[in-house]
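Close look at the chain arrangement
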Amino acid sequence: EKVNAPDFVSKYMSPHVITSKEQILDVGCGPGVIASAVASHHKSTEVYGVDLRKDRIALAKRSTLNLKNMYFERAEASCLPFVDNKFDLIYTRFLLEYLKYPENVLKEFKRVGKHGGKLIMQDLDGQLVTHYPIKNEFENRINVIIEALKKTGFDPYLGRKLYYMAINAGLKNIKVVIEPYHQIIGKINDRELY
């Protein structure tokens, strides 16, 4: 529900799919919603999705049986089961903020990505951590959740660190685009507040 996959593919992915024979990797693919949209839109490409959770990979496989250019595998983002220099385009969305050592994942992206290939990393920076106007009950609940997540390695401010991490991983020609993920002007509806 939280992503309009065709719009995401059109806006973020399609401008980077140069040839019809490209190999594309979705790291942290979850149930494969975006990966399947990429495979549906770019039928001559090969799209691979990896996720750590078995249940998500199983769901992704079940929901994409009709796509012959779609492959899913259970794998750690920091130890991908692919040869060096394989992928033309790699993308990850809202994964790195949850990892204890995201730097290792960026090095792995560099390893499996082709020289001259593209990498799209989309992550949050301070999502729900700072907001205006402050509602004390809401802020207190968020702080409890953030503190619990920090014990797992969660970093709510990872977005601002990605450029530096990419440089340290040896990535080149880095372009940073910052845009709001959720900006609500005026009164928030009950569903969005929930």
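Reading the values: the criteria
Here, residues in each chain are numbered from 1, in the same order as that chain's written sequence. Reporting in this predicted model follows two pLDDT cut-offs: at least 70 for local features of residues, and 80 or more for side-chain atom pairs to be given and counted; totals over whole chains, interfaces and linings ignore these cut-offs and use all residues. Neither water nor hydrogens contribute to the side-chain values; these are computed over all heavy atoms in the structure. Where helices are involved, their axes are fitted lines through C-alpha atoms of the stretch in contact, as for all axes, and angles between N-to-C directions lie from 0 to 180°. To qualify as a helix, a DSSP run of H or I must reach at least 4 residues; to qualify as a strand, a run of E must reach at least 2; elements of each kind are numbered from the N terminus. Any angle from 65 to 115 degrees is called roughly perpendicular, while one under 35 is roughly parallel, one over 145 is roughly antiparallel, and all others are oblique. Should the near helix be turned counterclockwise from the far one by less than a right angle, the crossing is left-handed, whereas a clockwise turn marks it as right-handed. Here, residues are in contact when the closest pair of their heavy atoms is within 4.5 Å. When residues are sorted by character, Ala, Val, Leu, Ile, Met, Phe, Trp, Tyr, Cys and Pro go into the nonpolar class, Asp, Glu, Lys and Arg into the charged class, and all the rest, Gly among them, into the polar class. Each residue is assigned to one of three classes by its accessible area relative to the maximum for its type, calculated with a 1.4 Å probe on protein chains only: buried under 20%, partly exposed between the two thresholds, exposed over 50%. For this analysis, a polar contact is any N or O atom pair within 3.5 Å, provided that within protein one partner can donate a hydrogen and the other can accept it, and provided that sequence-adjacent residues contribute only side-chain to side-chain pairs. A pair of strands is labelled paired if DSSP reports no fewer than 2 bridges between them. Here, the term right-handed applies to a crossover whose path from the first strand over the helix to the second runs clockwise when the strands point away from the viewer. Comment: arc refers to directions from the helix axis out to C-beta atoms. Salt bridges are identified by distance alone: a Lys or Arg side-chain nitrogen within 4 Å of an Asp or Glu carboxyl oxygen. Stacked, tilted and edge-to-face are the three classes applied to pairs of Phe, Tyr and Trp rings, where Trp contributes its six-membered ring and a pair requires centres within 6.5 Å; stacked means planes under 30 degrees apart, edge-to-face means over 60, and tilted covers the rest. By definition here, charges over rings are those cases where NZ of Lys or CZ of Arg is within 6 Å of the ring centre and within 35 degrees of the ring normal.

**Some thoughts on the packing of helix H1 (residues 5–13) against helix H2 (residues 33–41)**
Relative to each other, H1 and H2 sit at 70°, their axes nearing to 9 Å. When the axis of H1 is compared with that of H2, the two are roughly perpendicular. Judged by the sense of rotation from one axis to the other, the crossing of H1 with H2 is right-handed. Note on element contacts: H2 touches H1 through Val33, Ile34, Ala37, Val38 and His41, opposite Ala5, Pro6, Phe8, Val9 and Met13. Broken down by class, the residue content of the contact of H1 with H2 amounts to nine nonpolar, one polar and no charged.

**A few points about the side chain of Thr45**
By the element assignment, Thr45 lies in the loop between H2 and strand S2 (46–51). Given a relative accessible area of 2%, Thr45 falls into the buried group. A polar contact is formed between the side chain of Thr45 and the backbone oxygen of His42, at a distance of 2.6 Å. Beyond its immediate stretch of four places on either side in the chain, Thr45 contacts Val17, Thr19, Ser20, Glu22, Ile24 and Asn69.

**Some details on the sheet that holds strand S4 (residues 87–93)**
A sheet is described by the order of its strands in space; here five strands give the open sequence S3-S2-S1-S4-S5, paired in parallel fashion. On the outer flanks of this sheet lie strand S3 (70–74) and strand S5 (113–122), each paired with one strand and no other. Along the sheet, successive strands turn relative to each other by an average axial angle of 20°, direction set aside. Two strands pair when backbone bridges link them, and S2 and S3 are joined in this way by five bridges, in the parallel orientation.

**Some points on the pairing of strand S1 (residues 23–27)**
Counting buried positions along S1 yields five of five residues, so the element is predominantly enclosed. Across the two faces of S1 the burial is the same, with Gln23, Leu25 and Val27 and Ile24 and Asp26 all buried. Summarising the sheet, S1 and S2 pair through five bridges and their orientation is parallel. Residue pairing for S2: Asp26 is matched across the bridge by Gly49. Assessed by its sense of winding, the connection that carries the chain from S1 through H2 to S2 is right-handed. Sheet topology places S1 next to S4; four bridges connect them, and they run parallel. For Asp26, the partnering residue across the bridge sits in S4 and is Tyr91.

**Brief notes about H1**
Among the residues of H1, Ala5, Phe8, Val9, Tyr12 and Met13 are the ones counted as buried. The buried side chains of H1 occupy one side of the element, clustering within an arc of 100° when seen end-on. Along H1, the residues that are exposed and aim more than 90 degrees away from the buried face are Pro6 and Lys11. The secondary structure elements touched by the buried residues of H1 are S1, H2, S4 and S5.

**Brief notes about the pattern of salt bridges**
In this structure the tally under the stated criterion is eight salt bridges. Here Asp125 and Arg160 are joined by a salt bridge, their closest N and O atoms 2.7 Å apart. Of this pair, Asp125 sits in the loop between S5 and helix H5 (136–150) while Arg160 sits in the loop between H5 and helix H6 (162–168), and the two are 35 residues apart along the sequence. Glu147 serves as the salt-bridge partner of Lys150, at 3.4 Å between the closest nitrogen and oxygen. Of this pair, Lys150 and Glu147 both sit in helix H5, three residues apart, which is roughly one turn of the helix. Classification of Lys150 as partly exposed rests on a relative accessible area of 41%. Residue classification places Glu147 among the partly exposed residues on the basis of a relative accessible area of 45%. Here the salt bridges do not stand alone but share partners, grouping Asp84, Glu108 and Arg111 into one network.

**Quick look at the packing of aromatic side chains**
Counted according to the given criterion, the structure contains seven aromatic pairs. Consider the rings of Phe8 and Tyr91, whose centres lie 6.5 Å apart with planes at 45°: the pair is tilted. With Phe8 in helix H1 and Tyr91 in strand S4, this residue pair connects regions lying 83 residues apart in the sequence. Residue class for Phe8 comes out buried when judged on its relative accessible area of 5%. By way of ring pairs, the aromatic residues Tyr48, Tyr71, Phe82 and Phe87 are connected into one cluster. Taking NZ or CZ as reference, Lys86 lies 5.7 Å from the ring centre of Phe87, over its face.

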